[in-house]
Structures are given as structure tokens and as C-alpha cells.
Amino acid sequence: MADAPLTPLDLLIKSQQVALKVTTDVLRGVRDTAVTGVTRPDELAQQVGELAGAVAGMAGAVTSLAGSTAQPLQDFIVRQRELADTVHTLAEAQAELAGVVATLAERHAEAVAALEKVTAPVFAIVGTEPTPPRTRAARKSAAAHRDTDAG
């Protein structure tokens with residue numbers, strides 16, 4: 001059975017554990033080096049060399065930790081930038097659509113005004129009043145139309 005892929009959080013936890021182990025090993029080496037320096041000075045040089053290797057290993061673990069922590073964060077930032085770009089594209093498309101709808105509304109209002117001009121004499125002959133508009137936009141358009149007819 002194949003292992004499940006590690007998540008960024010799993011990588012962070014694993015790298016933290018490795019870094020903690022390396023740090024513990026380095027501190028143990030420092031302690032042992034101090035004890036050896038007092039009891040067996042000849043072994044001190046060997047332990048100092050081992051300690052230097054452990055410190056180098058700790059530096060590698062810290063670098064690994066930084067890499068495993070930074071990469072998921074970098075990926076997240078890149079995805080957020082892509083999302084921001086997508087939302088910007090959507091906003092531009094909605095602005096264009098709003099312009100198209102506004103033009104459509106203007107043309108429709110012009111068509112209604114022309115139809116009202118054509119049917120007004122028929123309504124006058126028949127003796128009926130036009131039905132008042134029911135929507136806010138239609139009432140506004142009708143009021144503007146009456147204002148232009150009166151002026």
C-alpha cells in the first residue's frame with residue numbers, strides 16, 4: 001500500500017522533530033566535551049571535531065526546516081496572487097457586462113418611448129389612460145418621459 005503524500009504541516013512537524021534531535025545531540029556533545037576537557041584532555045580534540053560536525057548537521061537541519069516551511073508558504077502566496085488576478089478579471093468582466101446591460105436598458109427605454117408615442121393617439125381615441133408603471137425604474141423612466149414631453 002502506497003504512503004499518503006505528506007502535507008505541508010506534516011513536513012513542518014517532521015522537520016521540527018529532526019531539528020530538535022540534532023539540537024539535543026549538539027547540546028549533549030557540548031556537555032560531553034566540557035567533561036572530557038577536564039577528565040581526558042587528549043580526547044578533547046576528537047570531541048571538538050565531532051561537535052563541529054554536529055553543529056554543521058544542525059545548520060543543515062535548520063536549512064531543511066526553513067525550506068520545508070517556506071515552500072508551502074510560498075505556494076500559498078502564489079495561489080493567493082492567482083486568486084486575486086482571477087477576481088480582478090471577474091470584476092473587469094462584470095464592469096463590461098454592466099455597460100452592456102446599461103446600453104440595453106437605454107435602448108429598451110427608447111423603444112418603449114417610441115411605442116408610447118405610437119399608441120398614445122389610439123388610447124386617446126379609445127378614451128383609456130395608460131397603465132401606470134409598477135417598477136421603480138419604469139416610474140422613473142415614465143416621469144422623465146413626461147418631463148421631456150412637457151418641456
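Residues numbered from 1 in each chain as written. Predicted model: local features only at pLDDT ≥ 70, side-chain atom pairs only at ≥ 80, totals over all residues. Heavy atoms only, no water.

K.L.:
Please explain the overall build of the protein as it appears in this structure.
P.N.:
If you tally the helices and strands in the protein, you get three helices and zero strands. If you list the helices and strands of the protein from N to C, you get α-α-α. Relative to its full complement of 151 residues, the protein shows a buried share of 10%. Considering only residue pairs separated by 6 or more positions, the protein has 63% of its internal contacts joining residues 24 or more positions apart. In the structure as shown, the protein presents an accessible area of about 12000 Å², 66% of it carried by carbon and sulfur atoms. (Helix = DSSP H or I, 4+ residues; strand = E, 2+ residues; numbered from the N terminus. Buried < 20%, exposed > 50% of the residue type's maximum accessible area, 1.4 Å probe, protein only. Contact = heavy atoms within 4.5 Å. Areas by Shrake-Rupley, 256 points an atom, 1.4 Å probe, with all protein chains shown as cover.)

K.L.:
It is not clear to me how a nonpolar patch on the surface should be interpreted in this structure. Could you clarify?
P.N.:
Together, Leu-73, Phe-76 and Ile-77 make up a nonpolar patch on the protein surface, roughly 300 Å² of accessible area in all. Secondary-structure assignment places Ile-77 in helix H2 (residues 41–126). (Patch = residues over 30% accessible without salt bridge, like charges linked within 9 Å, V, L, I, M, F, W, Y side chains within 5 Å. Salt bridge = Lys/Arg side-chain N within 4 Å of Asp/Glu carboxyl O.)

K.L.:
It is not clear to me how the environment of Glu-116 should be interpreted in this structure. Could you clarify?
P.N.:
Tracing the chain through its elements places Glu-116 in helix H2. Of the residues examined, Glu-116 reaches a relative accessible area of 36% and is grouped as partly exposed.

K.L.:
I'm lost on the pattern of salt bridges in this one. Help?
P.N.:
Pairs may arise between side chains of opposite charge once their charged atoms sit close together. Tallied over the full model, the rule gives one salt bridge. Among the ionic pairs, Glu-82 bridges to Arg-79, the shortest N-O distance being 3.6 Å. One end of the pair, Glu-82, and the other, Arg-79, are both in helix H2, three residues apart, so they sit about a helical turn from each other.

K.L.:
Mind showing me how you'd approach the environment of Pro-133 here?
P.N.:
Counting through the fold element by element, Pro-133 comes out in the loop between H2 and helix H3 (136–150). Classification of Pro-133 by relative accessible area gives partly exposed; the value is 29%. On a C-alpha basis, the gap between Pro-133 and Ala-143 in space is 9.9 Å, while along the polypeptide they are 10 residues apart.

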